[in-house]
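Chain residues, written in single-letter form:
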Amino acid sequence: MKKNFFQYCLLVGFVCIISFCIFFTKLEAQLWQALPPYNVLWPLWSPVLSPPDPVTGIPTPLVTELDKNTLLPVQPAFIWNPDLPYYNIIYNTLSSYGAPTLMYWDNTEFAPIGVWNGAIFQRWPPSYLLQTIEPYPGIYITIPDTIDLPVGYENLYTMPPYLNWVVPLVNVAWQDWYGIDPYLLTAYDLLGYIL
């Protein structure tokens, strides 16, 4: 009787351990998706930038690729290169010809206090995402230079607390430079909460 009870407990314990291990791997959520052609990371955990699919509940990015002509459904959006200590905040502007142009806030040109100028907004993609090749002598072509993402990048979760105070400033600068847009998202909209 004791032997049967011990075997029963051992079996139940083994099943519980296996179930816990399987359940734990299912709990590990994918937090980022790499967008072609540059492999910049789009936040899947931001409800406004990656709304859950109504049927499956899986977050789906609003855009499937990010290049200079991408039209963003919401503004601003943000993306991340894990090699950089900051996020790129990106906007759309319309050129004089009416074609959408993607712009990003250049963190390296940011003046927290002072006069805003157009230098803080640059055309996407930034120079670190481009490479120039010479396929034939004297002919140079600029092509995307993809980011080498770290193993397990899907599960990296770096909180950007500076977005709480930077997004309002950058939004004001954007509207000052390019015109009033009452539909710009706040940091709370982008993050889903305030840090």
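None of these values were measured; they are calculated from a predicted model.

Trainee: Before we move on, can you summarise the packing of aromatic side chains with the specific residues and values?
Mentor: Evaluation of the coordinates by the stated rule reveals twelve aromatic pairs. Ring geometry for Trp80 against Tyr87: centres 5.6 Å apart, planes inclined by 25°, an arrangement best described as stacked. Relative accessible area serves as the criterion here: at 6%, Trp80 is assigned to the buried category. Here the aromatic rings of Tyr91 and Phe121 are separated by 5.9 Å at their centres, their planes lie at 90°, and the arrangement is edge-to-face. With Tyr91 in strand E4 (residues 87-94) and Phe121 in strand E6 (residues 121-123), the pair connects residues that are 30 residues apart, well separated along the chain. Take Tyr91 and Phe121: they sit in the same class, and that class is buried. Three or more aromatic residues link up through ring pairs in this structure, and these residues are Trp32, Trp45, Phe78, Trp80, Tyr87 and Tyr157.

Trainee: So, a nonpolar patch on the surface: which residues are in play, and what are the values?
Mentor: Together, Ile133, Tyr136, Ile139 and Ile141 line one region of the surface with nonpolar side chains, adding up to about 360 Å² of accessible area. Among the secondary structure elements, those contributing two or more residues to the nonpolar patch are strand E7 (130-136) and strand E8 (139-144). Checked against the element boundaries, Ile141 lands in strand E8. In this structure Ile141 comes out as partly exposed when scored by relative accessible area, which is 36%.

Trainee: Hey, could you go over helix H2 (residues 163-178) for me, with residue numbers and the actual values?
Mentor: When we look at burial in H2, the residues that qualify are Leu163, Asn164, Val166, Val167, Val170, Asn171, Ala173, Trp174 and Gln175. Positive phi shows up at Gly179, right after H2, with a value of about 115°.

Trainee: Break down the side chain of Thr93 for me, citing the residues and quoting the values.
Mentor: Residue placement: Thr93 occurs in strand E4. Excluding residues that lie within four positions of it along the chain, Thr93 makes contacts with Ala99, Pro100, Thr101, Met103, Trp174 and Tyr178.

Trainee: Pulling in residues and values, what's your account of the nonpolar core?
Mentor: Grouped together as the largest cluster of nonpolar side chains are 45 residues, with contacts concentrated most on Leu66, Ile90, Phe121 and Trp124. Of all the secondary structure elements, the ones that give two or more residues to this core are strand E1 (32-35), strand E2 (40-43), strand E3 (77-80), E4, strand E5 (100-105), H2 and helix H3 (187-191). Broken down by element, this core gets its largest block of residues, six residues, from H2. Among residues more than four places away in sequence, those in contact with Leu66 are Leu35, Pro36, Pro37, Tyr38, Val40, Leu72, Ile79, Ile90, Leu102 and Trp124.

The rules we used
Residues numbered from 1 in each chain as written. Predicted model: local features only at pLDDT ≥ 70, side-chain atom pairs only at ≥ 80, totals over all residues. Heavy atoms only, no water. Phe/Tyr/Trp six-rings, centres within 6.5 Å; stacked < 30°, edge-to-face > 60°. Buried < 20%, exposed > 50% of the residue type's maximum accessible area, 1.4 Å probe, protein only. Helix = DSSP H or I, 4+ residues; strand = E, 2+ residues; numbered from the N terminus. Patch = residues over 30% accessible without salt bridge, like charges linked within 9 Å, V, L, I, M, F, W, Y side chains within 5 Å. Areas by Shrake-Rupley, 256 points an atom, 1.4 Å probe, with all protein chains shown as cover. Salt bridge = Lys/Arg side-chain N within 4 Å of Asp/Glu carboxyl O. Contact = heavy atoms within 4.5 Å. Core = buried A, V, L, I, M, F, W, Y, C linked by side-chain atoms within 4.5 Å.

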